[in-house]
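Listed here are the chains, written in short residue letters.
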Amino acid sequence: MLDIHLLRANLGNAAKELDLRGFYLDMSYFQKLVEERGSVRTNTQKLEENRNNISGRIGRLRVAGHGIDDGEIGNFLNQMKSILAQLSQAKVDLDKIECELQQFMEVIPNLPHSTVPKEGKNEDVRYWGTKKTSDSFGFSIKDHVSIGENLGLLDFETATKLSGARFSMMKGGLARLHRALAQFMLDTHTIEHGYTETYVPYLANSESLRGTGQLPKFEEDLFKIYRKKYEKEEGETDQKLQEENWYLIPTSEVPLTNSVRNEIVPLESIPIKLTALTPCFRSEAGSYGKDTRGLIRQHQFDKVELVQIVHPQKSYEALEQLVGHAEMILQKLELPYRVVLLCSNDMGFSAAKTYDIEVWLPAQNTYREISSCSNCEAFQARRMKARFRNESGKPELLHTLNGSGLAVGRCLVAVLENYQNADGSISIPKVLQPYMGGIDRLVA
RNA sequence: GGAGAGGUGGCCGAGUGGUCGAAGGCGCUCCCCUGCUAAGGGAGUAUAGGCUCAAAAGGCUUAUCGAGGGUUCGAAUCCCUCCCUCUCCGCCA
């Protein structure tokens, strides 16, 4: 959520910047709401002040021994009638306007940082490694689906039987390779990059999803969980299905970042650096026909997430480091990649600045997103009321960052395609061999 | 799932309708006192808003005692719903 005071003070500019993100900000509606709220609120508070005042006087008279039918008290009670009538109306009005304003604010995306390209074009920041093509392989390359299926270790048909489209099943060495990748990533981030390994719930409540910005705007991207809670009343045969507002996490950013929701953390406990390996669940609504083949776009995939919760003055420094941490995984795996700075209209809802890391996929002859690293500044912190006690002892909003470090399934795709051999076998990257019981090849 | 007990400020803990945003203690900050230390004395010490002020300071004010409703002129206190914690029993990976 944006700072309402700042938004008000820079309304025109904000509207322009949001326009670059494809968001139309209704300035006059906003101004109307804010002004209306001001007057309704002042009015309400005046009435409350009156009420408290008279109530206190009655209290003091009662304590002094005056009866409830005392004339003076009766007089006060009379005055109170009209105050209370006005107050109840005022509260209804205030509630309504605050609700409207909240709804308005909650769906506005974050403002892009000044270094974010505005021309609608992503910027290549750097390239790493030498990309391999069919020429450099010296044989006709296969995509990860053929490789996995030929090995007999990747099985979409059975997964479809079990669940449906966009699920997968892996077996044997491939399943182990998948696990090895995740373990390797976790170990690297905890041992070398200083993150704290975290185990988190895979079901999150709506407050958490709201905190990181998935709700209320992107509910259709999520899987929602209903838990049956039966309420039986005497003589009633109907059972009411009560909704339990849980969602399958679309990323562990949700539980990790929300760990500081409604907290004021002490200055000395930041930066907080957390990592977790979790499954991620995405409904992929509206992506019919995209990446239907293979492991690229699934309803369920594993991801090692990096989250940093930092001092506002340190967040851009932290973003560069965080990208570096994610890159390190690809470097150790010796997978070619590039880093891309996203332009404002490609960024996610909560981000102020985002770098994508794209790994080279020879079979597609292209770079594909494998990590997205964002600084959300105070956008999520404001929604979450996540604060720290600053140098002068005052509570101040934190900055939050998150990035994939990395998406395990897509990383597996990259390994399969980049490490394939002419005979259909897969070489195991050196850094993964200790996680694979020392073997250096996956063969049919 | 059944039975019971609870959820109050950074922490402990009092408070069952009225000068309560909340006694007391601990902790913390500042000051005083004291050769040093220990002890002692005093003041301060929640969060988010609004108004005031050139700004800061300050002042005034509203809300918040797990959450949300209700009763009442007035609720931490009474009633209802929900959430959470603890104890015992049952069930279970």
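Residues numbered from 1 in each chain as written. Chains lettered and ligands numbered in written order. Predicted model: local features only at pLDDT ≥ 70, side-chain atom pairs only at ≥ 80, totals over all residues. Heavy atoms only, no water.

### Some thoughts on the packing of helix 8 (residues 172-192) against helix 11 (residues 315-333)
Taken N-terminus to C-terminus, the directions of helix 8 and helix 11 make an angle of 125°; their axes are 10 Å apart at the nearest point. Considering the angle they form, helix 8 stands oblique to helix 11. For the pair helix 8 and helix 11, the sense of crossing is right-handed. Facing Leu 181, Phe 184, Met 185, Thr 188, His 189 and Glu 192 of helix 8, the residues of helix 11 in contact are His 325, Ala 326, Ile 329, Lys 332 and Leu 333. Partitioned by chemical class, the residues of the contact of helix 8 with helix 11 number six nonpolar, three polar and two charged. (Axes fitted to C-alpha atoms, helices over the stretch in contact; angles between N-to-C directions. Helix = DSSP H or I, 4+ residues; strand = E, 2+ residues; numbered from the N terminus. Parallel < 35°, antiparallel > 145°, perpendicular 65-115°, else oblique. Left-handed = near helix turned anticlockwise from the far one by under 90°. Contact = heavy atoms within 4.5 Å. Nonpolar A, V, L, I, M, F, W, Y, C, P; charged D, E, K, R; others polar.)

### Regarding the side chain of Asn 390
Within the secondary structure layout, Asn 390 lies in the loop between strand 12 (387-389) and strand 13 (395-397). Judged by its relative accessible area of 13%, Asn 390 is buried. In contact with Asn 390, other than residues within four places in its own chain, are Leu 267 and Glu 396. (Buried < 20%, exposed > 50% of the residue type's maximum accessible area, 1.4 Å probe, protein only.)

### Some thoughts on helix 11
In this model helix 11 runs 28 Å from its N-terminal to its C-terminal C-alpha over 19 residues, within 8% of the 27 Å that 1.5 Å per residue would give. Those residues of helix 11 not exposed but buried are Ser 315, Ala 318, Leu 319, Leu 322, Val 323, His 325, Ala 326, Glu 327, Ile 329, Leu 330 and Leu 333. (Expected span 1.5 Å × (residues − 1).)

### A look at the domain arrangement of chain A
Splitting chain A by domain gives domain 1 (26-106) and domain 2 (123-216 + 248-442). When each unit is reduced to the centre of its C-alpha atoms, the spacing between domain 1 and domain 2 is 51 Å. (Domains from an automatic or database assignment.)

### Side note on the pattern of salt bridges
One pass over the full model with this rule turns up 14 salt bridges. Between Glu 100 and Lys 96 there is a salt bridge; the shortest N-O distance is 3.7 Å. Here Glu 100 and its partner Lys 96 are both found in helix 4 (residues 71-106), four residues apart, which amounts to about one turn of the helix. By relative accessible area, which is 57% here, Lys 96 ends up exposed. A single network of salt bridges, built from pairs that share partners, joins Glu 284, Asp 291, Arg 297 and Arg 368. (Salt bridge = Lys/Arg side-chain N within 4 Å of Asp/Glu carboxyl O.)

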